[in-house]
Amino acid sequence: MVRFAFRRSRGLAMDFRIGTDLEINEQPFAHAVTMNLFAYFHTELVQTLGRLAEAGQLPQGLDLARLTVEPPRDPSHGDVSTNAGMVLSKPAGKPPRVIAELLAEALRAHPAVTEVAIAGPGFLNWRLDDGFWRARLGELLAAGARYGDSAMGGGAAVNVEYVSANPTGPMHVGHARGAVFGDALASLLAKAGFAVCREYYINDAGAQVDVLARSAHLRYREALGEAIGDIPEGLYPGDYLKETGAALAARDGDKWLNQPEAAWLPAIRAFAIDSMLAMIKSDLALLGVKHDVFSSERALSESGAVDRALQTLEAAGLVYTGTLEPPKGKLPEDWEPRPQTLFRATAYGDDIDRPLKKSDGSWTYFAADIAYHLDKYRRGFAQQIDVLGADHGGYVKRMQAAVKAISNGNAALDVKICQLVQLFKDGEPFKMSKRAGTFVTLRDVVEEVGKDVVRFMMLTRKNDQTIDFDLAKVKEESRDNMVWYVQYAHARTQSVLRRARVEIPDLALDSAALLAADLAPLGDPAEIALIRQLASWPRQVESAAEAHEPHRVAFFLYELAGGFNTLWHKGNDDASLRFVLAHDRRTTLARLALVQAVAYVIASGLQVFGVEPVMEMM
RNA sequence: GUCCUCGUAGCUCAGCUGGAUAGAGCAUCAGUUUCCUAAACUGAGGGUCAUGGGUUCGAAUCCCGUCGAGGACACCA
């Protein structure tokens, strides 16, 4: 039995302890799960509150849901902060500062806490000594790029459905955003301890794939030497179907040439869908995007799953026949009042009830999608995420209503809408691809700037913001270019390590040597500040995963790169702060351990994005 | 007309699910920089968080209204 309730609180109940001893090499590190230090202090405080309640100093059974332990917004306030005084004041019947003082007393006894202060309306702030931070660095070095792996998800199954582009043509840039977003979100959730399934829903049913079949048949005739002239209105004009037509001709010869449509359509449709799917998969491979499961709408429908799903809804009294109001705004020309089979979506928060059957009696796309989400639920996914394009905004409420209905409220669907990507080059809108006819393909963009730049760029904005993607600007070497700046910081860590090997050739710098380094020489405020930044990575992972917002990782990495460069430049002003000091091996080793830690965390973040860290800027 | 998303510095955007004096980058201004190769670094100025109410110890964040931008609006997928 898995309980999800704890996900709602920001502090997480964890069943492992953080070491406060300063012997960094003795940190217990059985599983590659690292500590969110704020979660650690959250549990400490909860335990303290329990003891205070037993001692009669506070009421029993206080609701701790709103208790947070976070870094203060202003670092001058301290390293860690809690709002306990304020949120417990009313239920406990004591002033905020009194509660804060009770907790402060316990904190002062903690070996790593150097300073405790009560501030403002009742914040409790405290600082941690340098040894505590050096111990975090030790943990980090032991974990390597797996630093930040979390047990938060508790192995709970999550299904992330993304891309799901219609198998009728190549992928374009809009698809690329959803693909990268879904892929990174899945990786992020996996890092946060969820059992993630990456899924693609193939829309291989409906009129569109019949159109595809007719378009492919035309190209097939062309491949056999017929002059087909212009592509008729209503068929897909893209050149990419020439290959499909030629491949079909090669396989089947003139077998379909003088046949009625009914004879060839199913076979050619299947052939064309396979061909399109192969093309889509190769486009995705270019981006490094992979899925675990491909689900076919047609297969689902033919298995009778749609009928069964609708029967369960019907049994729950959620299906009825009714006539909808005419749509507001522009009225479709052929609109007429007509009784339809409807899903009572309004019972679950939607604005109107939604049609399940078309006028010809077949199921709507929505009906099939209900069956598909029920299928995911039956496969064990109580947490589902759909990544959709901006034009699907109006679809969210009804799908969430449907998921609640088919699961009796036991499953939750989060829908992430990815806004548009506008391509520019030197400020001018980027030209469309000839090959695809009407849009810029994913392939065009990847060939232009490379897979890693595309992936990173797609994650530098929150999903509900539009992205202006300038293909020239991402090649700029400046702080204005987030991708370059982060990659450059990683390259600089490597360049420092290379430099050290030249300056002190006999100093061992492998990961074991750095892990064993005595970190005591690290004490400059700028060094400790950088460790603080690094040590916040586990918390960043958890909060980004919880919010389903991978873009936070991009901003974190950007700030970390800034912190590293700050320290690097301090070495220019003050030579004693350089990473490599030929005359002082002990300090050099400690500093290089810090440099290596920066490299690990950047690599760890880039891993979530599916981006390779750069070892050297060319 | 309804619904969704958005509105934060001159520009491009963050803001950790309600916290303290709202932050970065670019641009501007003033410094530093023959340095572990790097177009980099330090500092300053710049804000009625579109707007009017409400909720509470506390609101850019939550609720309602208004204005503005984009998108979607039976039977397509």
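How each quantity is defined
- Residues numbered from 1 in each chain as written.
- Chains lettered and ligands numbered in written order.
- Predicted model: local features only at pLDDT ≥ 70, side-chain atom pairs only at ≥ 80, totals over all residues.
- Heavy atoms only, no water.
- Helix = DSSP H or I, 4+ residues; strand = E, 2+ residues; numbered from the N terminus.
- Buried < 20%, exposed > 50% of the residue type's maximum accessible area, 1.4 Å probe, protein only.
- Contact = heavy atoms within 4.5 Å.
- Areas by Shrake-Rupley, 256 points an atom, 1.4 Å probe, with all protein chains shown as cover.
- Pairing = 2+ DSSP bridges.
- Axes fitted to C-alpha atoms, helices over the stretch in contact; angles between N-to-C directions.
- Core = buried A, V, L, I, M, F, W, Y, C linked by side-chain atoms within 4.5 Å.
- Phe/Tyr/Trp six-rings, centres within 6.5 Å; stacked < 30°, edge-to-face > 60°.
- Lys NZ or Arg CZ within 6 Å of the ring centre and 35° of its normal.
- Salt bridge = Lys/Arg side-chain N within 4 Å of Asp/Glu carboxyl O.
- Right-handed = clockwise from strand over helix to strand, strands pointing away.
- Disulfide = S-S within 2.5 Å.
- Expected span 1.5 Å × (residues − 1).

K.L.:
Hey, could you run me through the overall build of chain A in this one?
P.N.:
When you go through chain A residue by residue, the secondary structure sums to 20 helices and 15 strands. Principal-axis analysis of the C-alpha atoms places the extent of chain A at approximately 85 × 65 × 40 Å. Among the 618 residues that make up chain A, the fraction classed as buried is 52%. A fraction of 73% describes how many contacts in chain A between residues 6 or more apart in sequence connect residues 24 or more apart. Counting only carbon and sulfur atoms, one obtains 51% of the accessible surface of chain A, whose full area is about 27900 Å².

K.L.:
Looking at this structure, I do not really get unusual backbone geometry. What am I missing?
P.N.:
Backbone phi values are negative for most residues with the exception of glycine, while trans is the configuration of most peptide bonds. Here the phi dihedral of Ser-164 falls at roughly 45°; this positive angle occurs in a residue that is not glycine. Position of Ser-164 among the secondary structure elements: in the loop between β5 (157–161) and α5 (173–191). Ser-164 gets classed as buried once you look at its relative accessible area, which sits at 14%. Notably, Asn-408 is not glycine yet its phi reads approximately 55°, a positive angle. Along the chain, Asn-408 turns up in the loop between α12 (396–406) and β12 (412–418). The exposure class of Asn-408 is exposed, given its relative accessible area of 69%.

K.L.:
Sorry, what's going on with the sheet that holds strand β11 (residues 383–389) here?
P.N.:
Within a sheet, adjacent strands bond to each other through the backbone by hydrogen bonds, running parallel or antiparallel. Within the open sheet, the five strands sit side by side as β7-β6-β5-β11-β12. Their pairing is parallel. Unpaired on one side and paired on the other, β7 (293–296) and β12 mark the two borders of the sheet. Across the sheet, the axes of successive neighbouring strands diverge by a mean angle of 25°, strand direction being ignored. Where β5 and strand β6 (residues 195–202) come together, five bridges link them in parallel fashion. Note on β6: the bridge partner recorded for Val-158 is Val-196.

K.L.:
Can you help me understand the sheet that holds strand β10 (residues 354–355) in this one?
P.N.:
Strand order in the open sheet made by the three strands is β8-β9-β10, with antiparallel pairing throughout. Strand pairing shows two members of the sheet lacking a second neighbour, β8 (319–323) and β10, which therefore form its edges. Sheet topology note: the strand β9 (residues 339–343)/β10 ladder contains two bridges and is antiparallel. Paired with Phe-343 across the strands is Arg-354, a residue of β10.

K.L.:
Please explain the nonpolar core as it appears in this structure.
P.N.:
With 135 residues, the main nonpolar core has Phe-41, Trp-126 and Phe-469 as its most contacted residues. For this core, the leading source of residues is helix α20 (residues 585–609), giving 14 residues. Setting aside chain neighbours within four positions, we find Trp-126 in contact with Phe-41, Leu-45, Val-69, Gly-78, Asp-79, Val-80, Ser-81, Thr-82, Leu-107, Val-113, Glu-115 and Val-116. Membership of the second largest hydrophobic core comes to 32 residues, among which are Leu-310, Ile-370, Ile-406 and Leu-413.

K.L.:
Is there a simple way to explain the packing of aromatic side chains in this structure?
P.N.:
Between two aromatic rings, the relevant description is the distance of the centres plus the angle of the planes. Enumeration according to the criterion identifies 16 aromatic pairs in this entry. Ring centres 6.5 Å apart and planes at 45° place the aromatic pair Trp-484 and Tyr-485 in the tilted group. The burial state of Trp-484 is the same as that of Tyr-485; both residues are buried. Here the aromatic rings of Phe-564 and Phe-579 are separated by 5.8 Å at their centres, their planes lie at 15°, and the arrangement is stacked. Of this pair, Phe-564 sits in helix α19 (residues 551–573) while Phe-579 sits in the loop between α19 and α20, and the two are 15 residues apart along the sequence. Taken together through their ring pairs, the aromatic side chains of Tyr-201, Phe-343, Tyr-365, Phe-366, Tyr-372 and Tyr-395 make up a single cluster. Cation over ring: Lys-357 sits above Trp-363, and NZ or CZ is 5.1 Å from the ring centre. Lying over the aromatic face of Phe-366, Arg-398 brings its terminal NZ or CZ to 5.9 Å of the ring centre.

K.L.:
Would you take a moment to explain the pattern of salt bridges for this structure?
P.N.:
Here the structure, examined in full by the defined rule, presents 32 salt bridges. As a salt-bridge pair, Glu-222 and Arg-219 come within 3.0 Å of each other at their nearest N and O atoms. Remark: Arg-219 and Glu-222 occur in helix α6 (residues 207–223); sequence separation between them is three residues, near one turn of the helix. According to the relative accessible area criterion, Glu-222 is partly exposed, its value standing at 27%. Bridged by salt links that share partners, the residues Arg-146, Asp-149 and Lys-191 form one connected network.

K.L.:
Please explain the pairing of β11 as it appears in this structure.
P.N.:
Every regular strand shows the same layout, with side chains that alternate between the two sheet faces. Of all seven residues making up β11, six are buried, and the element is well covered by its neighbours. Pairing analysis gives four bridges linking β5 to β11, with the strands arranged parallel. Residue pairing for β11: Val-160 is matched across the bridge by Ile-385. With seven bridges joining them, β11 and β12 adopt parallel strand pairing. Looking across to β12, one finds that Ile-385 is bridged to Asp-414. After leaving β11, the chain enters α12 and then returns to the sheet as β12, a path that is right-handed.

K.L.:
Whenever I open this one, the state of the cysteines confuses me. Can you help?
P.N.:
Here a disulfide denotes a covalent bond joining the sulfur atom of one cysteine to the sulfur atom of another. A complete count under the given rule lists zero disulfides for this structure. The structure places no disulfide on Cys-197, whose sulfur is separated from the nearest cysteine sulfur, that of Cys-418, by 19 Å. The exposure class of Cys-418 is buried, given its relative accessible area of 5%.

K.L.:
What is the right way to read the pairing of strand β13 (residues 421–425) from this model?
P.N.:
In this sheet, strand β15 (residues 467–470) lies alongside β13 in parallel orientation, the contact comprising four bridges. The residue of β15 that forms the bridge with Phe-424 is Asp-470. The sheet contact formed by β13 and strand β14 (residues 428–429) spans two bridges and is antiparallel. Along β14, the bridge assignment pairs Lys-425 with Glu-428. Here β13 folds back onto β14 in antiparallel fashion, the turn holding two residues, of which Asp-426 has a positive phi close to 55°.

K.L.:
Teacher, can you tell me more about the side chain of His-551 here?
P.N.:
Within the secondary structure, His-551 is located in helix α19. Overall, the relative accessible area of 12% leaves His-551 in the buried class. Apart from the residues lying within four places of it in its own chain, the contact partners of His-551 are Leu-459, Arg-461 and Lys-462.

K.L.:
Quick question: what am I supposed to make of α5 here?
P.N.:
Working note: α-helix, 3.6 residues per turn, so residues spaced by three or four point in the same direction. If you check α5, its first and last C-alpha atoms are 27 Å apart, about what 19 residues at 1.5 Å a residue would give, namely 27 Å. By the criterion of burial, α5 is predominantly enclosed, with 16 of the 19 residues buried. Gly-193 occupies a position one or two residues after α5 and carries a positive phi of about 95°.

Such coordinate-based values are descriptive only and should not be taken to indicate function.
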